[in-house]
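Per-entry structural report
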Amino acid sequence: DAGITQSPRHKVTETGTPVTLRCHQTENHRYMYWYRQDPGHGLRLIHYSYGVKDTDKGEVSDGYSVSRSKTEDFLLTLESATSSQTSVYFCAIRVGTSGVTDTQYFGPGTRLTVL
Amino acid sequence: AQTVTQSQPEMSVQEAETVTLSCTYDTSESDYYLFWYKQPPSRQMILVIRQEAYKQQNATENRFSVNFQKAAKSFSLKISDSQLGDAAMYFCAYRIPDKLIFGTGTRLQVFP
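Residues numbered from 1 in each chain as written. Chains lettered and ligands numbered in written order. Predicted model: local features only at pLDDT ≥ 70, side-chain atom pairs only at ≥ 80, totals over all residues. Heavy atoms only, no water.

**What to know about the interface of chain B and chain A**
Condition: Contacts are assigned to residue pairs with any non-hydrogen atoms lying within 4.5 Å of each other. The term buried area refers to how much accessible surface (probe radius 1.4 Å) is lost by two components on association, counted for both of them together. Salt bridges are identified by distance alone: a Lys or Arg side-chain nitrogen within 4 Å of an Asp or Glu carboxyl oxygen. In protein, a polar contact means a hydrogen-donor-capable atom and an acceptor-capable atom, both N or O and within 3.5 Å, with residues adjacent in sequence counting only if both atoms are side-chain atoms; elsewhere, any N or O pair within 3.5 Å suffices. The numbering of helices and of strands both runs from the N terminus, where a helix is a DSSP run of H or I of at least 4 residues and a strand a run of E of at least 2. Gly is put with the polar residues, along with every residue not named as nonpolar or charged; the nonpolar set is Ala, Val, Leu, Ile, Met, Phe, Trp, Tyr, Cys and Pro, and the charged set is Asp, Glu, Lys and Arg.
Taken together, the 18 residues of chain B in the interface contact 28 residues of chain A. Of the roughly 1,900 Å² buried between chain B and chain A, counting both surfaces, carbon and sulfur atoms make up 50%. The interface formed by chain B and chain A contains 0 salt bridges. At the boundary of chain B with chain A, the tally comes to 4 residue pairs in polar contact (both at pLDDT 80 or more). Element by element, the count of residues in the side of chain B that touches chain A is highest for strand 5 (residues 33-39) of chain B, at 4 residues. Residues belonging to the side of chain B that touches chain A are distributed by class as follows: 8 nonpolar, 4 polar and 6 charged.

Here is the structure:
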């Protein structure tokens, strides 16, 4: 347990509605990540943050935005949800700064269904 | 572009036996890190083992070990004395600066 929580754990929403997922960590790690997991694709990086107000895009960032106003919280927003964004979303933190100790640990995931 | 390939979508093993899950990757980097994660039905992603590319010695964690072949860009996971609790999805991952690139996963079934 790396002290990561995600909320909500499950959400069903309708196409076109905004959705915000929250990731919270208790250990003040600098790097935080959002991934999505889909069958046949493994985990794919959406966005990541390397500090308060510092974020960058991953490989599947279209349709998503993020914000990090505090070290402990990293928010993922779907401005207008689409059915293609139905997925399981994982938050991760990066523990360590370099070398073998530089490892990502994951939260429990959020299952999002867009109808 | 860096890619990670897991060519076995599903594998099965009998309890107490040994199984090997394969992973290959593509990179032009010389220094990097490789990981295996396990995802049981609970959906939690759990780190199993990690390997530094500059180390020739294969990493080992209890019943889990890797066969790292740098020239072949291969990073297989061996599970010895398989247990029912080993049944899960297993993901291979390659780390580039700041990011992880994942393979598509191998589903391991363990039969009693």
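Having seen it, we continue.
**Regarding the pairing of strand 11 (residues 99-102) of chain B**
Residues and elements named next belong to chain B. Just so we agree on the cut-off: Any two strands between which DSSP finds at least two bridges are classified as paired.
Where strand 10 (residues 88-96) lies against strand 11, 4 bridges are found, and the strand directions are antiparallel. Considered in strand 11, the bridge of Ala-93 is made with Phe-102. Counted between consecutive antiparallel strands, the loop separating strand 10 from strand 11 contains 2 residues, among which Asp-98 sits at a positive phi close to 75 degrees.

**Some thoughts on the sheet that holds strand 1 (residues 4-7) of chain A**
All names here are of chain A. So the rule is basically this: Axis lines are fitted through C-alpha atoms, for helices just across the contact stretch, and the angle between N-to-C directions can take any value from 0 to 180 degrees.
Across the sheet, which stays open at both edges, the 4 strands sit in the order 1-3-8-7 with antiparallel pairing between neighbours. Both edges of this open sheet fall to strand 1 and strand 7 (64-70), since each of them pairs with a single strand only. Put simply, the sheet's adjacent strands are angled 20 degrees from each other on average, direction ignored. As paired strands, strand 3 (residues 19-25) and strand 8 (residues 73-78) are joined by 6 bridges and run antiparallel to one another. By the bridge assignment, Leu-21 is partnered in strand 8 with Leu-76.

**Some thoughts on the nonpolar core**
Residue and element names in this part refer to chain B. Put simply, the test is: Residues grouped as a nonpolar core are buried Ala, Val, Leu, Ile, Met, Phe, Trp, Tyr and Cys residues, joined through side-chain atoms within 4.5 Å. Think of it in three bands: residues with accessible area under 20% of the maximum for their type are buried, residues over 50% are exposed, and the middle band is partly exposed, with areas taken using a 1.4 Å probe on protein chains only.
Of all hydrophobic cores here, the largest spans 27 residues; its most connected members are Tyr-25, Trp-36, Phe-75, Leu-77, Tyr-90, Tyr-94 and Leu-108. In terms of residue count, strand 10 provides more of this core than any other element does, 5 residues in total. When residues no more than four places from it in sequence are discounted, the contact partners of Tyr-94 are Gln-2, Val-4, Tyr-25, Thr-27, Glu-29, Tyr-32, Tyr-33, Leu-34, Lys-99, Leu-100 and Ile-101.

**A look at the pattern of salt bridges**
Inspection of the entire model under this criterion finds 7 salt bridges over all chains. Notably, a salt bridge pairs A:Asp38 with A:Arg44, separated by 2.9 Å at the nearest N-O pair. The exposure class of A:Asp38 is buried, given its relative accessible area of 11%. Notably, a salt bridge pairs B:Asp26 with B:Lys73, separated by 3.7 Å at the nearest N-O pair.

**A short note on the state of the cysteines**
Put simply, the rule reads: Two cysteine sulfurs form what is called a disulfide whenever their separation falls within 2.5 Å.
Under the definition given, this model contains 2 disulfides over all chains. The residue that forms a disulfide with A:Cys23 is A:Cys91, at a sulfur-sulfur distance of 1.8 Å. Around the S-S axis, the bridge from A:Cys23 to A:Cys91 shows a dihedral of about -70 degrees and counts as left-handed. One end of the pair, A:Cys23, is in strand 3; the other, A:Cys91, is in strand 9 (residues 87-95), with 68 residues separating them in the sequence. Each of the two residues, A:Cys23 as well as A:Cys91, counts as buried. Between the sulfur atoms of B:Cys23 and its disulfide mate B:Cys92 the distance is 2.0 Å. As the torsion about the S-S bond is roughly -70 degrees, the B:Cys23-B:Cys92 disulfide counts as left-handed. With a gap of 69 residues between them, B:Cys23 in the loop between strand 3 (19-21) and strand 4 (24-26) and B:Cys92 in strand 10 connect regions that are remote in the sequence. Comparing B:Cys23 with B:Cys92, the two get one shared label, buried.

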